[in-house]
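Inside the fold
The primary structure of each chain is shown beneath.
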Protein chains: 2
Amino acid sequence: MRDTIKTELNVFESFDPVIPPTYRKTPYVCLGNIDPVLQLKVLDQIEKPRLVLGDTMNFWIERKRDELLETLKRMDVLVVNESEARLLTKEPNLIKAAKIMMGFGPSIVIVKKGEHGALLVTESTIFSAPAYPLENIHDPTGAGDSFAGGFIGWLARTDDLSDENLKRAVIYGSTMASFCVEEFGIAGLQDLSYLKVQDRFREFRELSRFDEVEIA
Amino acid sequence: MRDTIKTELNVFESFDPVIPPTYRKTPYVCLGNIDPVLQLKVLDQIEKPRLVLGDTMNFWIERKRDELLETLKRMDVLVVNESEARLLTKEPNLIKAAKIMMGFGPSIVIVKKGEHGALLVTESTIFSAPAYPLENIHDPTGAGDSFAGGFIGWLARTDDLSDENLKRAVIYGSTMASFCVEEFGIAGLQDLSYLKVQDRFREFRELSRFDEVEIA
């Protein structure tokens, strides 16, 4: 659990994002957790994105709900945590909540559940991703952004939006988040190699894999 | 969350279990959630069980901790939920808590996490089982007993205590619990067939399965 004591928007208070021309054809757009009005301003400057992912939080859900609902109409993927999902939909059941959020616009909803993993819901699949069993979590700061980056990074690299590839993307997101929280600040991410990422991806597989046997 | 308002032990208050002779060679023993002193009395009447599974709850953890710790020494599998794991070990991290509980006796610990699935921890593996994505939970009563029954039933039927088979047993346990909570009382369990169980087992696989692809 976290409680928001005070939110200081600082430079975001009067920020007017201008996307450099060379970035305007970006196919995979990741809208970080900022004012939904700013998210929309960013999006308006992108030419025909292939996929738009957006993050949000309690602050915007409570104070800018209408603006957020407008922005959600333009998102393909919404990434929220459990409490944000419940706050946004007023529905405690996460599967129902995901379906309500899909009604707001995104065709893909991801609910992050911290130590309980993540849930991916699309029109055609539900995927339950495990959490990496960390005994020591040094710093949860940045876990959500690491997840979003790993998720959309995999999609941008493979350019495949099938359910099977979305599932892999959730695991890459979870992989990046697990490295993030293992160390303080960005220490867990700065020395990462592709090999280390692949190794952890495989650990996620081992963690959740089981098979079926026939019995007489 | 549940709160215990009052516990009426009723017949268990002065119960002195006597196991019929024909049951004394039972290889797979499931000690339901009763007074740990009674669990031990049951166990003392069983001849060389192959596997002893035990359940417990906050009432015994708080009031009969010493007796419970004695009984735990004789269990091979401890099945608890998240809050019981934390209450018993005073450790919030579930992986650490599982390892502490293994120090109490059981070589296999299962932490049930309701809508978040279950965690199996043995000396050589950690397995994260998904929860069945139920939109409507009609009656959670009996979910824990259904889980324990499905789990030990699979082991008794296959007589295989490998990590791979324990993982399957966790999924069979989760399968039985999902049928239990879907309907009121025992309605979800009484018309079950092996085919229905197998179908849901496969749904659990689909729910958590993902593969790896090589990229250039």
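All values reported here derive from a predicted model rather than from experimental measurement.

Here the focus is a nonpolar patch on the surface. Residue and element names in this part refer to chain A. Residues Val-11, Phe-12 and Phe-15 make up a contiguous nonpolar surface patch of roughly 300 Å² in combined accessible area. On the secondary structure map, Phe-12 appears in the segment before strand E1 (28-31). For Phe-12, a relative accessible area of 38% gives the class partly exposed.

Time to look at the relation of the copies chain B and chain A. You can overlay chain B on chain A at an RMSD of 0.0 Å; the transform is a turn of 180 degrees with a shift of 0.0 Å along its axis. Both copies are brought into coincidence by an operation consistent with a two-fold rotation axis. Of the C-alpha atoms belonging to chain B, the one lying closest to the rotation axis is found on His-116 of chain B, 3.0 Å away. A share of 100% of interface residues in chain B that are also interface residues in chain A marks the association as one of identical surfaces.

On to the packing of aromatic side chains. Across all of its chains, the model carries 14 aromatic pairs over all chains by this definition. Seen from their ring centres, Tyr-132 of chain A and Phe-204 of chain A are 5.6 Å apart, and the 40 degrees between their planes marks the pair as tilted. With a gap of 72 residues between them, Tyr-132 of chain A in the loop between strand E6 (126-129) and helix H6 (143-158) and Phe-204 of chain A in helix H9 (residues 194-208) connect regions that are remote in the sequence. Overall, the relative accessible area of 18% leaves Tyr-132 of chain A in the buried class. Given the relative accessible area of 1%, Phe-204 of chain A is considered buried. A ring pair is formed by Phe-210 of chain A and Phe-127 of chain B, whose centres lie 5.9 Å apart and whose planes are at 75 degrees; its orientation type is edge-to-face. With one member in each of two chains, Phe-210 of chain A in the segment after H9 and Phe-127 of chain B in strand E6 (residues 126-129) form a pair that bridges those chains. Looking at Phe-210 of chain A, the relative accessible area reads 4%, which means it is buried. In textbook terms, an aromatic cluster arises when at least three aromatic residues are bridged by ring pairs, as seen for Phe-127, Trp-154, Tyr-172 and Phe-201 of chain A together with Phe-210 of chain B. For Arg-157 of chain A, the ring lying beneath its charged end belongs to Tyr-194 of chain A, and the centroid distance is 5.0 Å.

Conventions and cut-offs
- Residues numbered from 1 in each chain as written.
- Chains lettered and ligands numbered in written order.
- Predicted model: local features only at pLDDT ≥ 70, side-chain atom pairs only at ≥ 80, totals over all residues.
- Heavy atoms only, no water.
- Patch = residues over 30% accessible without salt bridge, like charges linked within 9 Å, V, L, I, M, F, W, Y side chains within 5 Å.
- Areas by Shrake-Rupley, 256 points an atom, 1.4 Å probe, with all protein chains shown as cover.
- Salt bridge = Lys/Arg side-chain N within 4 Å of Asp/Glu carboxyl O.
- Helix = DSSP H or I, 4+ residues; strand = E, 2+ residues; numbered from the N terminus.
- Buried < 20%, exposed > 50% of the residue type's maximum accessible area, 1.4 Å probe, protein only.
- Least-squares fit on C-alpha atoms with pLDDT ≥ 70 in both.
- Contact = heavy atoms within 4.5 Å.
- Phe/Tyr/Trp six-rings, centres within 6.5 Å; stacked < 30°, edge-to-face > 60°.
- Lys NZ or Arg CZ within 6 Å of the ring centre and 35° of its normal.

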